Amino acid sequence: MLCSAAAKRLVTGVCQAAWRPAVTGLVSSRGYKGDAPDDTRGDLIEIPLPPWEQKLDEPTDIKRRRLLYESRKRGMLENCILLSLFAKRYLNTMSEIQLQQYDRLINEPSNDWDIYYWATEAQPTPDVYQGEVMDMLKEFTKNRNQEQRLDAPSLEYLEKQSQ
């Protein structure tokens, strides 16, 4: 019979091995590194994403609907809340150029954390995403009116607009 220390060591080793990626040696060039200075990134693998392409002949009303959906369905809850509330407030009043900027901003970066850090000004925004819409998003993120932002808005306001 195994003593408890040996059994614990055996179980811990098996559990750690189960969490290791099946493919080793692949290091992501587009992954979240974290704050650990000694992180080797050996546990990250790159998942290739198709490049973002602007939809040139998309009707404006369809673009607004798509961007509303994409603002609500993000990879992280913080951006779901932030971008869906931002879209509720500004999407229907954006010009075509602003819609293009917003489309690029929320769809081209592969990491939602980047968008969050730029919006909260925790990291500088790359020049390609800096513009009128990013300025609007940064100002919205400051929440100067101290609104309670705990969840994405319901979609009932869309029904009221269409009536």
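All values derive from a computational prediction rather than experimental measurement.

Visitor: Got a minute to help me understand the nonpolar core in this structure?
Guide: A general feature of soluble globular proteins is that nonpolar side chains tend to end up buried together. Counting 23 residues, the largest nonpolar core has Phe86, Leu91, Met94, Tyr102, Leu105 and Leu137 as the members making the most contacts within it. Of all the elements in the fold, those that place two or more residues in this core are helix 2 (60-72), helix 3 (77-90), helix 4 (96-107), helix 5 (112-119) and helix 6 (132-142). It is helix 3 that provides the largest number of residues to this core, a total of six residues. When sequence neighbours within four positions are dropped, the list of residues in contact with Leu105 reads Ile115, Trp118, Tyr129, Met134 and Leu137.

Visitor: In this structure, what is going on with the environment of Trp52? I would like to understand it.
Guide: Residue placement: Trp52 occurs in the loop between helix 1 (4-19) and helix 2. Counting along the chain gives 56 residues from Trp52 to Glu108, while the straight-line C-alpha distance between them is 5.2 Å.

Visitor: Explain the confidence of the model for the protein here, please?
Guide: When pLDDT drops low, the exact placement of atoms in the prediction is not to be read closely. For the protein, the mean per-residue pLDDT works out to 77, and 69% of the residues sit at or above 70. When pLDDT is averaged over each helix and strand of the protein, the minimum, 51, is found for helix 1 and the maximum, 95, for helix 6. Scored below 50 in pLDDT, residues 14-33 shows 26 contacts in the model against residues more than four places distant or in partner chains.

Visitor: Hey, could you run me through helix 3 in this one?
Guide: Residues lying three or four places apart along an α-helix face the same way, a consequence of the helix completing one turn every 3.6 residues. Here helix 3 contains 14 residues, and its C-alpha end-to-end distance of 20 Å stays within 8% of the 20 Å for a straight helix at 1.5 Å per residue. Looking only at helix 3, the buried set comprises Asn79, Cys80, Ile81, Leu82, Leu83, Ser84, Leu85, Phe86 and Ala87. Contact partners of the buried residues in helix 3: helix 2, helix 4, helix 5 and helix 6.

Visitor: I would appreciate a short explanation of helix 4 in the present structure.
Guide: The first and last C-alpha atoms of helix 4 sit 16 Å apart over twelve residues, in line with the 16 Å expected at 1.5 Å per residue. Looking only at helix 4, the buried set comprises Gln98, Leu99, Tyr102, Asp103, Leu105 and Ile106. What you see down the axis of helix 4 is that its buried residues fit within an arc of 165°, all on one side. Next to the buried residues of helix 4 lie helix 2, helix 3, helix 5 and helix 6.

Visitor: Would you mind going over the pattern of salt bridges with me for this structure?
Guide: Should the charged atoms of two oppositely charged side chains come close, the side chains can pair. If you walk through the whole model with that rule in mind, you get eleven salt bridges. Across the pair Glu58 and Arg66 runs a salt bridge, and its minimum N-O distance is 2.8 Å. Grouping residues by exposure puts Glu58 and Arg66 together as buried. Among the ionic pairs, Glu139 bridges to Lys142, the shortest N-O distance being 3.9 Å.

Visitor: What's the story with the side chain of Ser84 in this structure? I'm lost.
Guide: Tracing the chain through its elements places Ser84 in helix 3. Assessed through its relative accessible area of 0%, Ser84 is described here as buried. Here Cys80 takes part through its backbone oxygen, which lies 2.6 Å from a polar atom of the side chain of Ser84. Reaching out from Ser84, the side chain makes a polar contact with the backbone oxygen of Ile81 at a distance of 3.2 Å. Setting aside residues up to four positions removed in sequence, Ser84 forms contacts with Ser71, Arg72, Asn79, Ala152 and Pro153.

Visitor: Quick question: what am I supposed to make of the environment of Trp113 here?
Guide: Following the sequence through the fold, Trp113 ends up in helix 5. For Trp113, a relative accessible area of 32% translates into the label partly exposed. Spatially, the C-alpha atoms of Trp113 and Glu78 are 9.2 Å apart, while their sequence positions differ by 35 residues. Sequence-distant contacts of Trp113, defined by excluding residues within four places in its chain, comprise Met76 and Glu78.

Visitor: Got a minute to help me understand the packing of aromatic side chains in this structure?
Guide: In this description, an aromatic ring pair is defined by two values, namely the gap between the centres and the angle between the planes. Per the stated rule, a full pass over the model turns up eight aromatic pairs. A centroid spacing of 5.0 Å and a plane angle of 25° characterise the contact between Trp118 and Tyr129, whose relative ring orientation is stacked. You can see Trp118 sitting in helix 5 and its partner Tyr129 sitting in the loop between helix 5 and helix 6, a full eleven residues away along the chain. For Tyr129, a relative accessible area of 14% gives the class buried. Among the aromatic residues, ring-to-ring pairing joins Phe86, Tyr90, Tyr102 and Phe140 into one connected group.

Reading guide: rules and limits
Residues numbered from 1 in each chain as written. Predicted model: local features only at pLDDT ≥ 70, side-chain atom pairs only at ≥ 80, totals over all residues. Heavy atoms only, no water. Core = buried A, V, L, I, M, F, W, Y, C linked by side-chain atoms within 4.5 Å. Buried < 20%, exposed > 50% of the residue type's maximum accessible area, 1.4 Å probe, protein only. Helix = DSSP H or I, 4+ residues; strand = E, 2+ residues; numbered from the N terminus. Contact = heavy atoms within 4.5 Å. pLDDT = per-residue confidence, 0-100. Expected span 1.5 Å × (residues − 1). Arc of directions from axis to C-beta. Salt bridge = Lys/Arg side-chain N within 4 Å of Asp/Glu carboxyl O. Polar contact = N/O pair within 3.5 Å; in protein donor to acceptor, adjacent residues only side chain to side chain. Phe/Tyr/Trp six-rings, centres within 6.5 Å; stacked < 30°, edge-to-face > 60°.

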